[in-house]
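Examining the three-dimensional arrangement
What follows is each chain in one-letter form.
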Amino acid sequence: MAAPKLSKCLEPNSIIPTDITFVFQSGGPRREVKKVKAQKAILAIASDVFEKEFYGDMKETKDEIAIVDASQEVFQAMVDFIYNKQPNWKDFSVSFLCSLYYLAEKYIIGDLKAEIIATISDLKITKEKVLEIAHLAEDNSHHEPLSEALYDVAAAVLKAEFKDKVEKVYEFFEKAEFSQVNAVVMFKLMSRLRSVNTLPSQSQCWNCQQTPCLDGQEVTKENFVSGARMHFGGRELVSVGGGGAAIYDAYGAPYKTRYKYKCP
């Protein structure tokens, strides 16, 4: 959404001055004050809310604005996104992403919302994290796209885990502590199991056709897949035929040794 070099405007050695500071005060005993600096014009280009706040009829004339509904870290992540700083989205916790989505909604930054939803949709979570994610989904039910994405991720994990074994369904929900909130999220999870797609991260590897992926593990007659990529001694191989009997290198020469799957 912005020029590639825009992020340089926020570097300490930039000669372009900032003209707005957002102030955050912690609630701890030390009452630590943190700040986020930016340029009004850049923020206004990215957000209609900032445009009205800084240049509208009722514009803000102060150089500092106190922010009480977000942490400095989350607000900084939003500003970094506006300035075209590309984060590693997987480094953020799910709760952090939910807080960031709240700001993207508040300031009407559609592309940031889309990035967050895409990141959540690609989440790799364990069965033990399902209820935690479902609780976050319910807590954010007023942000429907976010809530739906979170519920879908949680339900997809359960679908991959349960498959067609109903006893596993009973076992999972029996272990959950009974509460009104748990009852709500478990009902919503159950209602999604039939329709939700299993996430790519939880489905079979396209190469070895196994879950979990067998990358680096030895090829056996039991797990052999025709056409799969394998390797031995640094040479990449391609399997053909059946039963693991015929595996050839790139030059068509057959190998008779131990092979390992090479999955991307």
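Residues numbered from 1 in each chain as written. Predicted model: local features only at pLDDT ≥ 70, side-chain atom pairs only at ≥ 80, totals over all residues. Heavy atoms only, no water.

Looking only at helices and strands, the protein chain features nine helices and seven strands. In the protein chain, which comprises 264 residues, the share counted as buried stands at 40%. Within the protein chain, contacts between residues at least 6 apart in sequence are counted, and of these 58% link residues at least 24 apart. When the accessible surface of the protein chain is totalled, it reaches about 15,900 Å², and 53% of it is carbon and sulfur. (Helix = DSSP H or I, 4+ residues; strand = E, 2+ residues; numbered from the N terminus. Buried < 20%, exposed > 50% of the residue type's maximum accessible area, 1.4 Å probe, protein only. Contact = heavy atoms within 4.5 Å. Areas by Shrake-Rupley, 256 points an atom, 1.4 Å probe, with all protein chains shown as cover.)

Moving on, we come to the environment of Ala70. Tracing the chain through its elements places Ala70 in the loop between strand 3 (64–66) and helix 3 (72–82). Residues Ala70 and Leu100, 30 residues apart in the sequence, show an inter-C-alpha distance of 8.5 Å. In contact with Ala70, other than residues within four places in its own chain, are Phe24 and Leu103.

As a further point, take unusual backbone geometry. Peptide bonds are mostly trans, and most non-glycine residues show a negative phi. Despite not being glycine, Asn84 has its phi angle at roughly 70°, a positive value. Note on Asn84: relative accessible area 18%, which makes it buried. Located in the positive-phi region is Ile108, a residue other than glycine, with phi close to 55°. For Ile108, the location among the structural elements is in the loop between helix 4 (94–106) and helix 5 (110–121).

Another aspect to go through is the sheet that holds strand 2 (residues 33–38). Taken in spatial order, the three strands of this open sheet run 2-1-3, and their pairing is mixed. At either end of the open sheet lies a strand with only one pairing partner, and these are strand 2 and strand 3. Here the average twist between neighbouring strands, direction ignored, is 25°. Bridge count between strand 1 (residues 20–25) and strand 2: six bridges; the pairing is antiparallel. By the bridge assignment for strand 2, Gln25 is matched with Val33. The strands that helix 3 touches are strand 1 and strand 2; relative to strand 2, the one it contacts most, it runs at about 10°. (Pairing = 2+ DSSP bridges. Axes fitted to C-alpha atoms, helices over the stretch in contact; angles between N-to-C directions.)

Per the counting criterion, the structure on display carries seven salt bridges. Note that Asp69 and Lys106 form a salt bridge whose closest N and O atoms lie 2.8 Å from each other. Of this pair, Asp69 sits in the loop between strand 3 and helix 3 while Lys106 sits in helix 4; the two residues are 37 residues apart in sequence, bridging distant segments of the chain. When the shortest N-O distance is used, the salt bridge between Lys113 and Glu105 registers 2.9 Å. According to the relative accessible area criterion, Lys113 is partly exposed, its value standing at 24%. (Salt bridge = Lys/Arg side-chain N within 4 Å of Asp/Glu carboxyl O.)

Further remarks concern the nonpolar core. Among the nonpolar cores identified, the biggest contains 64 residues, and Phe22, Phe75, Met78 and Tyr83 are the most heavily contacted of them. Considering each element in turn, this core owes the most residues, 11 residues, to helix 7 (residues 144–162). The contact partners of Phe75, leaving out residues within four places of it in the chain, are Phe22, Phe24, Val36, Phe50, Ile67, Leu103 and Tyr107. If you look at the next biggest cluster of nonpolar residues, it comprises 10 residues, including Cys208, Leu214, Met230 and Cys263. (Core = buried A, V, L, I, M, F, W, Y, C linked by side-chain atoms within 4.5 Å.)

The next thing to look at is the packing of helix 7 against helix 9 (residues 180–192). Their axes nearest at 9 Å, the elements helix 7 and helix 9 cross at an angle of 70°. Judged on the interaxial angle alone, helix 9 and helix 7 are roughly perpendicular. Relative to helix 9, the crossing made by helix 7 is right-handed. For the pair formed by helix 7 and helix 9, the contact residues are Glu148, Tyr151, Asp152, Ala154, Ala155 and Leu158 on the first element and Val185, Lys188, Leu189 and Arg192 on the second. (Parallel < 35°, antiparallel > 145°, perpendicular 65-115°, else oblique. Left-handed = near helix turned anticlockwise from the far one by under 90°.)

Let us now look at helix 9. Under the 1.5 Å per step criterion, the end-to-end length of helix 9 is 19 Å for 13 residues, consistent within 8% with the ideal 18 Å. Turning to helix 9, its buried residues are Asn182, Val185, Met186, Leu189 and Arg192. Angular distribution of buried residues about the axis of helix 9 spans 120°; they occupy a single face of the element. Every exposed residue of helix 9 that faces more than 90 degrees away from the buried side is listed here: Gln180 and Phe187. (Expected span 1.5 Å × (residues − 1). Arc of directions from axis to C-beta.)

Another point: the environment of Cys9. Assignment of secondary structure puts Cys9 in the segment before strand 1. Sequence spacing of Cys9 and Gln39 is 30 residues, and the spatial spacing of their C-alpha atoms is 8.4 Å. Those residues in contact with Cys9, other than ones at most four positions away along the chain, are Ser14, Ile16, Gln39 and Tyr83.

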